[in-house]
Each structure stands twice: as C-alpha cells, then as structure tokens.
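# Overview (structure and organization)
Chain residues, written in single-letter form:
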Amino acid sequence: MAWVGLIVLFLAGCGTGFTASVKPKEASSSITPPPEDTQGGGGIIGGNGKTGGANPYACAAGSDPGTRDLRRLSRREYLLTLQSLTNGYADLSQIADQVNLLPADTVSNVFDSTDASVSIGHIEAYLGIAREISAQLIAKPEWIRSVVNCEYASGMTDTCWSNFFNGFAARVYRKPLSSQEQADLKALFATEVSYGVPAGLQAVTMALLQSPNFLYKVEVAGSPLNGREDILKMNDYETASRLAFLATGRGPDAILMEEARNGRLATPEGLKTAVQRLFSSAEARENVEEFYMQWLGAKRLPSSTHSDWFLAGVSRGAIAPESLQELRDLTSDLTWTKAGGYKDLLVSETSFVKGQALGTIYNGQASLPSGQRPGVLSRTAFLLSATNQTSLVHRGLLVRRNLLCDKIIFPTITDENRELFQPPKPNPLASLREQIETRTAVPQCMACHSKLNPMGFVLENYDALGRYQTEEKVFDANGNILARHSINARVRPNIESEDEPEVDGLAQMSEAIAASSKGPACAAQQWFTFVEGREPRTSDSCSLSTLFDSLMDKERVSPSGDAPGTLLNMMKASAFESNFRVRKVGPQN
C-alpha cells in the first residue's frame, strides 16, 4: 500500500492550477504593508453605521477572485475528519504511537493552519494511521453492515458496492467517486478478497484514507462562469466541503453530503439553512474556540517558572487551565450568547473567573473593577509571562502582530549585539519602561519599537501573572522589595499614525484600537487566514471587505439572518461572499 502514500508526495508539487508546494506570499493588503513600511494605512472614524473606522479594503465590483492553493488538511483537520468519518467505530487514542508520528503543523506567524509542507514523516504517519484505523473498522461487523447495508457473506454485490461508494467512500472523498475510481478500488478489493470480504474492505478503506482526495482539499471540478474558462463555479460537493471546513474544521457530514447531492446548496435558502445548522453544532463551537485561542496567542501559553514567593499562594499548575477557561468563556459569551461585536472583545469587563488561582490573581473580586480588566488584552491568558518579570516587548509584539496584523521584521542577533536582546534585569534605579526606552532609542531599533513599545507600556499595569498593579516592584532573589517604580502607562498609541493623541492605560488603548480601521480589519484578516490556511493576497480584497463590513456595519443586511456588526456574523459571512463558490484557475497573485 505504500504506493498510495507516494501520491501524496507527488501532489505536493502538482499542477491543476494549484501550487501547494509554494510557500504563500505575504499579504499585501492595505493593513499588511511590505516590510519597509510596517505601519499600515490609516482610516477615519465613524460613518455609515459602522462602530469603528472606515473599511480599508478596496473592492471593485466584478473583481476576479484570488486563486486557491491545493492545500493538505492541517493536522487538526485531518484528525477531526477521521473521527467524524469513523463515527465511534475506531478510536484514535488506541493508536497514539501512530498519531504522534504525524508532524505537528508549524506556526509561522499566528496560525498553524498555514503550514502547507509535506514530508516523509507525513506520508509514513498517514500510512500507519490508515492501516490501524482500517483494522479497527473491519474488526467490527456492525461497521461493515453500516457501510455496505447488504448481505455480504457470499461477496460484494452491486448493491453492496453502490451503498459503500455512495455512502462512506463519498464522505471520505467529499464527492461521488468516478467510474474509474470505483473500478480501481474494486480491483484492489479483488487482490485481498480471498482472505474474506472484511480483508478486501480493509484494503479499500486503507487506500481511501491515503488518497489525495481525502488528505487534500481538492477543487478541480466546476463549470466556466460567464463564458470564462479561467473562472469556474464550483460544484455542490466542493461547496459542501468548503462550508464544512469553514464552520466545523472538518469534512462534511452525511446531511451536508445529501444536501449537495439533491442540489439544496445551490439555492439561497438551502445555503442559509446549511450554514445555520453547521454553525449551531458543537463542532462549530469547538472550531471557533480554536480560532480565538490561536489568534490571541493562548495556544502558546508559557509554562510558569515564577518563584514561589512571587506566586504568593497562587497554584502554579492551575494558572494555565483556569486562565484558558476564562478566555474560552469570555469569547464564547460574546460570540454565541450576547451577539457581541469587535469592540466588545476589547472592552468587555464581564467576569468569568473560576478557581482559586485566577481568583487570587484578580484579587478575589467576583466582578472586575471598572477600568482594570477591559477585554481580552487584560486577562491572564494574554498577559502571562514565564518569569517574575513582565515580557514587555513580547506583549507589544502580540498586540501588533495578532491584533493589528503588522509585519514585524526580527533583527539579526550576532555575538556583538546579543546583550541588547537579553531581558532587562530588575533595576532599583530604573523602571522596566525606562530601561526599554533607553535601550531602543537608536534609530535602527525604533523602526519596530516605535510600534512595539507603546503596546507593551500600556500593559505594565499588569504583572507577570496578570495581577493589576499601579507600581512596579523590584525584588531581590529572595523576594525582598528593593524599590518601587510608579507605572507610567501613558503613550502615543501609533495604531495608524504617529500623530494620534495620547492614551493613558489599556482601557483607553483598547477603545482606540476598536475605533480604528486597522483593528477590525486585522480581525477580518485573521479569520480569513484561519479558515483559508493562508494569508490573504491583494486579490482577496473583496473577500476581506465583506468580512470587515459584516463585522463592523450594524446597518448592513446580514444574509445569514444574524445580528449585523457582530463577531459571529463576520464568521458566517464567508459562506455568503460572492466568490465563495468561485475558483480562479492560474498561478497565485
């Protein structure tokens, strides 16, 4: 069966209008400028019913869509789709050794879904997992009966094959199998059937689970649109696949496949019904949660190495799980319960404190004091540092990269300048802010630090655990206080322009980001990147424009029927965007 796996490696560089082996280009939208200008474009406040700045994306009516890559399933999408397909008849936990061989997706910027690499490690893992999963499945007669739905003891009849191909196999491929594909699988079955029908079905199932049709998001069908051979309207099965991965992060279920088969997805009513059903599922909540956790940097939460005296009774092992749960609860509340918007994400003071550790960090207060905990940037899951000292520059980087979509070019570290990049040492004579300002004052540093520093400085009201503070305490190695420095959280935000008025603290900074064009435009870009598996290109401006307006314009009619100008409305808007069912053939642009 190794020949099946080799197809995967071949497809990493195949044609068909896709270029999966090519690393996606950096975005060149108006909010993600090239490296020589990491500041980004400006915007104006208000107008047209929007709660933030003006839509920065230029979209000419009738613009061509961007080309799409042939992308393999991310590790997460692959494992979730396997779980969905096997429907409890197979257990991935029983083959942990094989699953652990599957390479983790590399996070190059914010999301792991952008890793399009294929290695021999992938091929070997796909082979091993397919072998073990198929063995589990054929060991259960009830699974065989469920997928063939016939009397198969004396062999596979035409009815048996029809049920298998139109049911399980079609869900694996996310489309009906062609006559040639069916013939090839029947021929493979014939080589093993002498050992019994289950053995033949195991060989077929193993081949299905290694096919490029399963391991990749294949879009090669479709019909020319408006007479153009390079613009194809995708068929209903490819639409179903896109919908499923958009909403749930896994392949389509049996209901969606049936809706594709009967043409329901081709009608506005059918599409709307499918979107609402998918986004109402537990799988969609899990997928949206994953988006927030990666977007807000919580998937890479540092391990606590804080001194016991610094923890002051906070349970070390409880910090991460309790803070992550708070972030899940907050984002879930805003997305699914309150129909929250982008600004709510940045300024909401709703408390979701559960457990002793987070309760202690937040001073045991059931409700958060006004002005101290505005939105997600004030919560421990965003603020946590690994050591007793706050990670001022890292915090600034998270805001600029994840929340404002700036491209920060990392400097080259050499033996001569290495000391400059070491964290400042606690200094009784100078605050952390004063040390950073002195160290980064030279022009070659300020190119980036003029953007990083303000975001880090406004977060200095929170210590390395996220405890609110008005003073920076300098400790010796034993926890004795050597000095106290007043927190100076007044900065010029430099969100879209160096001429912006000063803000004092995180609450005012959060309001400024919410009122900008750049903040919500970045949110649209991050959702696009998460679901598409690549950063947007110039040709994606129309898609981004739709997402921005769906997020920010409370007067815009929502095709999904959700409250306009909300986070959930933006997420669903991708399915109703004019180019969602269209594919352009050709090289990336």
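What counts as what
Residues numbered from 1 in each chain as written. Predicted model: local features only at pLDDT ≥ 70, side-chain atom pairs only at ≥ 80, totals over all residues. Heavy atoms only, no water. Salt bridge = Lys/Arg side-chain N within 4 Å of Asp/Glu carboxyl O. Helix = DSSP H or I, 4+ residues; strand = E, 2+ residues; numbered from the N terminus. Buried < 20%, exposed > 50% of the residue type's maximum accessible area, 1.4 Å probe, protein only. Pairing = 2+ DSSP bridges. Domains from an automatic or database assignment. Contact = heavy atoms within 4.5 Å. Buried area = accessible area lost by both parts, 1.4 Å probe. Core = buried A, V, L, I, M, F, W, Y, C linked by side-chain atoms within 4.5 Å. Arc of directions from axis to C-beta. Phe/Tyr/Trp six-rings, centres within 6.5 Å; stacked < 30°, edge-to-face > 60°. Lys NZ or Arg CZ within 6 Å of the ring centre and 35° of its normal. Axes fitted to C-alpha atoms, helices over the stretch in contact; angles between N-to-C directions. Parallel < 35°, antiparallel > 145°, perpendicular 65-115°, else oblique. Nonpolar A, V, L, I, M, F, W, Y, C, P; charged D, E, K, R; others polar. Polar contact = N/O pair within 3.5 Å; in protein donor to acceptor, adjacent residues only side chain to side chain.

### Things to note about the pattern of salt bridges
Under the definition given, this model contains 32 salt bridges. With a closest N to O distance of 2.7 Å, Arg242 and Glu219 form a salt bridge. Here Arg242, found in helix H10 (residues 236-248), pairs with Glu219, found in the loop between strand S2 (216-217) and strand S3 (223-225); they are 23 residues apart in sequence, far enough to count as distant. When the shortest N-O distance is used, the salt bridge between Asp549 and Arg556 registers 3.5 Å. Ionic contacts of the salt-bridge type, sharing partners, join the residues Asp64, Arg228, Asp230 and Lys584 into one network.

### Some points on unusual backbone geometry
The backbone phi angle of Cys405 is positive, close to 60°, even though this residue is not glycine. Within the secondary structure, Cys405 is located in the loop between helix H19 (392-403) and helix H20 (432-439). Classification of Cys405 by relative accessible area gives buried; the value is 3%. Phi at Asn494 takes a positive value of approximately 55°, unusual for a residue other than glycine. Within the secondary structure, Asn494 is located in the loop between strand S7 (490-491) and strand S8 (503-504). Asn494 gets classed as buried once you look at its relative accessible area, which sits at 4%.

### What to know about the pairing of strand S6 (residues 481-486)
Judged from the 5 bridges that link them, strand S5 (residues 471-475) and S6 form a sheet pairing that is antiparallel. Bridging from a neighbouring strand, Lys473 pairs with Arg484 of S6. Counting the residues between successive antiparallel strands, the hairpin from S5 to S6 contains 5 residues, one of them, Gly479, with a positive phi of roughly 90°.

### Some remarks on the domain arrangement of the protein
What the domain assignment reports for the protein is domain 1 (75-215) and domain 2 (291-412 + 429-515). Inter-centroid distance (C-alpha atoms) of domain 1 to domain 2 is 45 Å. Contacts between the two partners involve 5 residues from domain 1 and, on the opposite side, 7 residues from domain 2. In total, domain 1 and domain 2 occlude about 570 Å² of area from one another, counting both sides; carbon and sulfur atoms represent 48% of this.

### Comments concerning the nonpolar core
Grouped together as the largest cluster of nonpolar side chains are 93 residues, with contacts concentrated most on Leu243, Phe279, Tyr292, Trp295, Tyr342, Leu403 and Trp527. Two domains each donate at least three residues to this core, and these are domain 1 (75-215) and domain 2 (291-412 + 429-515). If you look at the next biggest cluster of nonpolar residues, it comprises 49 residues, including Leu85, Ala125, Ile129 and Leu208.

### Quick look at helix H5 (residues 141-148)
Buried within H5 we find Trp143, Ile144, Val147 and Val148. The arc enclosing the buried residues of H5, seen along the axis, measures out at 115°, which places them on a common side. Summarising the contacts, the buried residues of H5 are in contact with helix H4 (120-138), helix H6 (158-173) and helix H8 (197-208). Just past H5, the residue Asn149 takes up positive phi, approximately 50°.

### Considering the packing of aromatic side chains
Going through the model one piece at a time under the given rule, you end up with 20 aromatic pairs. Taking the centre distance of 5.7 Å and the plane angle of 75° together, the rings of Tyr462 and Tyr468 count as edge-to-face. The class for Tyr468 is partly exposed, based on a relative accessible area of 28%. Among the aromatic side chains, those forming a connected cluster through ring pairs are Phe111, Phe291, Tyr292, Trp295, Trp527 and Phe530. A cation over an aromatic ring shows up here: Lys217 above the ring of Phe245, its NZ or CZ 4.7 Å from the ring centre. Between Arg467 and the ring centre of Phe310, over which it is positioned, the NZ or CZ distance is 4.6 Å.

### Quick look at the packing of helix H15 (residues 316-337) against helix H25 (residues 567-576)
One way to put it is that H15 packs onto H25 with a least axis distance of 7 Å and a crossing angle of 70°. Overall, the two elements H15 and H25 adopt an arrangement that is roughly perpendicular. Each of Leu334, Thr335 and Trp336 in H15 lies in contact with H25, whose residues at this interface are Leu567, Leu568 and Met571. Looking at side-chain class alone, the contact of H15 with H25 contains 5 nonpolar, 1 polar and no charged residues.

### Points about the environment of Gln180
When you line up the elements, Gln180 lands in helix H7 (residues 179-192). Sequence-wise, Gln180 and Ile120 are 60 residues apart; in three dimensions their C-alpha atoms are separated by 28 Å. In terms of polar contacts, Gln180 uses its side chain to reach the side chain of Asp184, at 2.9 Å.

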